[in-house]
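Each chain, written out:
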Amino acid sequence: MNLVALKEAGGERRVAVIPPVVSKLCQLGLTVRVESGAGAAADFPDAAYREAGAEVFTDRSAALAAADMVWHVQHASGAEEALFRPGTLYAGFFDPFRQTDRLRRLAAAGVHVVSMEMMPRTTLAQKMDALSSQANLAGYAAVVHGAGRLRRILPMMMTPSGTLSPARVFVIGVGVAGLQAIATAKRLGARVEAFDTRPVVEEQVRSLGAKFVKIDLGETGQSAQGYATELTPEQVERQREGMAKICAQSDLVITTAKLFGRPAPRLVTQAMLDRMQAGSVVVDLAAGAGGNVEGSRPGETVVTPNGVTIMGDMALEATVARDSSAMYAANLLAFLEHFWDAGAKAFAYRLDDEILAGCLLSHSGRLIHPRFADTADSTAS
Ligand code: NAD
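Residues numbered from 1 in each chain as written. Predicted model: local features only at pLDDT ≥ 70, side-chain atom pairs only at ≥ 80, totals over all residues. Heavy atoms only, no water.

Asker: How do you make sense of the sheet that holds strand β10 (residues 191–195) when you look at a structure like this?
Answerer: Pairing between the strands of a sheet comes from backbone hydrogen bonds, and it takes one of two forms, parallel or antiparallel. An order of β11-β10-β9-β12-β13-β15-β14 is seen for the seven strands of this open sheet, with the pairing classed as mixed. The sheet terminates laterally at β11 (211–212) and β14 (301–303), the two strands that pair on one side only. Bridge count between strand β9 (residues 168–172) and strand β12 (residues 252–255): four bridges; the pairing is parallel. Across the sheet, the residue bridging to Ile 172 is Thr 255, located in β12. Contacting β12, β13 (281–284), β14 and β15 (309–311), helix α6 (residues 130–149) crosses the sheet at an angle of about 150° to β12. (Pairing = 2+ DSSP bridges. Helix = DSSP H or I, 4+ residues; strand = E, 2+ residues; numbered from the N terminus. Contact = heavy atoms within 4.5 Å. Axes fitted to C-alpha atoms, helices over the stretch in contact; angles between N-to-C directions.)

Asker: For this particular structure, what's the right way to read the side chain of Thr 304?
Answerer: Locating Thr 304 in the fold gives a position in the loop between β14 and β15. On the basis of relative accessible area, Thr 304 is assigned to the buried category, the value being 9%. A polar contact of 2.5 Å, which involves the side chain of Thr 304, links it to the side chain of Asn 306. (Buried < 20%, exposed > 50% of the residue type's maximum accessible area, 1.4 Å probe, protein only. Polar contact = N/O pair within 3.5 Å; in protein donor to acceptor, adjacent residues only side chain to side chain.)

Asker: What is the right way to read the site of the ligand from this model?
Answerer: Residues in contact with the ligand amount to 23 residues; listed here are only the nearest, Val 176, Asp 196, Arg 198, Gly 226 and Gln 239. Asp 196 places a side-chain nitrogen or oxygen 2.7 Å from an oxygen atom of the ligand. Taking Lys 258, its main chain carries an N or O atom lying 3.4 Å from an oxygen atom of the ligand. In isolation the ligand has 840 Å² of accessible area, and contact with the protein removes 84% of it. Here the shell around the ligand is composed, by residue class, of eight nonpolar, ten polar and five charged. (Near = heavy atom within 4 Å. Areas by Shrake-Rupley, 256 points an atom, 1.4 Å probe, with all protein chains shown as cover. Nonpolar A, V, L, I, M, F, W, Y, C, P; charged D, E, K, R; others polar.)

Asker: Before we go on, may I ask you to explain the pattern of salt bridges in this structure?
Answerer: In a structure, side chains of opposite charge can pair up when their charged atoms sit close to one another. If you walk through the whole model with that rule in mind, you get 20 salt bridges. Across the pair Glu 317 and Arg 14 runs a salt bridge, and its minimum N-O distance is 3.6 Å. Within this pair, whereas Glu 317 is found in the loop between β15 and α11 (321–339), its partner Arg 14 is found in the loop between β1 (2–5) and α1 (19–28), the two being separated by 303 residues in sequence. Arg 14 shares its class with Glu 317; the two are buried. In this structure, Glu 193 and Arg 168 form a salt bridge, with 3.1 Å as the shortest nitrogen-oxygen distance. Of the two residues, Glu 193 sits in strand β10 while Arg 168 sits in strand β9, which places them 25 residues apart along the sequence. Accessibility classification places Glu 193 together with Arg 168 in one group, the buried group. What you see here is one network of salt bridges that share partners, running through Glu 202, Glu 203, Arg 206 and Lys 214. (Salt bridge = Lys/Arg side-chain N within 4 Å of Asp/Glu carboxyl O.)

Asker: I keep staring at the packing of α1 against α11 and nothing clicks. Help me out?
Answerer: Where α1 meets α11, the closest approach of the two axes is 10 Å, and the angle between their N-to-C directions is 15°. Taken together, the axis directions place α1 and α11 in an arrangement best described as roughly parallel. For α1 against α11, the interelement crossing comes out left-handed. Judged by residue contacts, Val 21, Lys 24, Leu 25 and Leu 28 of α1 engage Ala 329, Ala 330, Leu 333, Leu 336 and Glu 337 from α11. Residue composition of the contact of α1 with α11, by class: seven nonpolar, no polar and two charged. (Parallel < 35°, antiparallel > 145°, perpendicular 65-115°, else oblique. Left-handed = near helix turned anticlockwise from the far one by under 90°.)

Asker: Is there a simple way to explain a nonpolar patch on the surface in this structure?
Answerer: Judged by side-chain polarity, Ile 153, Met 157 and Leu 164 come together as a nonpolar surface patch covering roughly 240 Å² of accessible area. With respect to the element layout, Ile 153 can be found in the loop between α6 and β7 (157–159). (Patch = residues over 30% accessible without salt bridge, like charges linked within 9 Å, V, L, I, M, F, W, Y side chains within 5 Å.)

Asker: Would you take a moment to explain the pairing of strand β2 (residues 31–35) for this structure?
Answerer: Looking along a regular strand, one sees the side chains alternate between the two faces of the sheet. Burial of β2 is extensive: four of the five residues sit out of reach of the surface. Looking at chain direction, β1 and β2 are connected through four bridges and run parallel. Following the sheet pairing, Asn 2 is matched in β2 by Thr 31. For the segment spanning β1, α1 and β2, crossover handedness is right-handed. Relative to strand β3 (residues 55–57), β2 runs parallel, the two being bridged by three bridges. Counterpart to Arg 33 in the pairing with β3 is Glu 55. (Right-handed = clockwise from strand over helix to strand, strands pointing away.)

Asker: Is there a simple way to explain the environment of Val 205 in this structure?
Answerer: Residue placement: Val 205 occurs in helix α8 (residues 201–207). Taking relative accessible area as the criterion, Val 205 reaches 0% and is therefore assigned buried. The spacing of Val 205 and Leu 179 is 26 residues in sequence and 7.3 Å in space, taken between C-alpha atoms.

Asker: Sorry, what's going on with the packing of α6 against helix α7 (residues 176–187) here?
Answerer: Geometry of a packed helix pair, given as the angle between the helix axes and the separation of the axes. Look at α6 against α7: their axes get within 7 Å of each other, and the N-to-C directions meet at 40°. The handedness of the crossing between α6 and α7 is right-handed. For the pair formed by α6 and α7, the contact residues are Ser 132, Ala 135, Asn 136, Gly 139, Tyr 140 and Val 143 on the first element and Val 176, Ala 177, Gln 180, Ala 181, Thr 184 and Ala 185 on the second. For the contact of α6 with α7, the residue count by class is seven nonpolar, five polar and no charged.

Asker: What should I look at first to understand the domain arrangement of the protein chain in this one?
Answerer: In many analyses, interface size is given as the accessible surface area lost on bringing the parts together. Domain boundaries in the protein chain define domain 1 (2–128 + 321–376) and domain 2 (137–319). Computed from C-alpha atoms alone, the centre-to-centre distance between domain 1 and domain 2 is 33 Å. Each partner contributes residues to the interface: domain 1 has 14 residues there, and domain 2 has eleven residues. Of the roughly 1000 Å² buried between domain 1 and domain 2, counting both surfaces, carbon and sulfur atoms make up 53%. Per-residue buried area on domain 1 facing domain 2 is highest for Arg 13, Arg 14 and Arg 121; these three make up 41% of the total on that side. (Domains from an automatic or database assignment. Buried area = accessible area lost by both parts, 1.4 Å probe.)

As structure tokens, this is what we get:
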């Protein structure tokens, strides 16, 4: 089998395959082909890929036309995808809820699309959970980048020249990214508060030494997969009121609140920003998913008239591309190993396996994932 990894487009610094993973893939019996320069922005030069056993290519069209498997971080262009052969396994962050036309096209062309976002959040699939591996690093990077914009330090400092009080950090949304943001801010000495609509999180926040902000929202819940359920407009309003004072007192606010498959809730309003102190910083990790913060722009940093910096960087994990690529490539490798048929030296499509049922969107010319059944219907019509 022939596995191809491209140099990512659009300024993406991560890469889906790193040299140590190439060695393991070669041991499994795969031929690995990596585009020249694919790992450069993550500090993996072509020579390291060659040493690990990969072929480094420059002719993208020829490589794609011969590929049995394509691994990616962001999906390739439509023109590149048109080169895939029927039966190609195409695995990576596919963004399936926003790429329904693309998904229909690929399914009709017989491409087997695996969406890493749809990987089940189960213990068995933990090693393949790319959303978690990347969110973890995004949570870390949010604190580091946010702190870098502050004109004050995070820890308390007692010196003969005076005493500096610790900075106050408020983390809104305590999933994987939020927990790592709390842990990082605590390690740097900040005073940390946090809030999430899922009450089960309170204990985790406390165990990291942070304070859980209590806001009575009435009935809130989570799905079987552990995702937050959407609040009513009245609950969102109550949440905003409860958070406004904390935001006003905070030096660094990090928002990570997301709703799986839906736009992120708008939690920090202009009125709340107006009450914040000049010099404070808000990092909106949900900027690419609709934004938790009013006025945040995906991929941009803006400063409000009252001096609050809003960072809307998308995929902050890509700023630590070496580590995020290593984790992502390990997730893809674990997925492949789980389904690898060593005798046949091929990917075994065990369609009744709960991991594959969760993340395989199309197979044998059809959209097979139940979540995209509507999309499948429109294909048929
Ligand atoms: P996510 O990125 O979907 O959302 C981030 C956080 O935002 C969540 O904690 C969510 O509750 C919160 N949120 C949503 N609306 C909010 C609001 N209005 N105000 C405040 N917070 C709000 O979440 P995630 O990091 O992907 O984690 C989702 C769940 O999956 C968690 O329960 C996590 O523990 C679980 N998980 C399980 C496994 C596993 O079992 N292998 C692995 C990873 C994550």
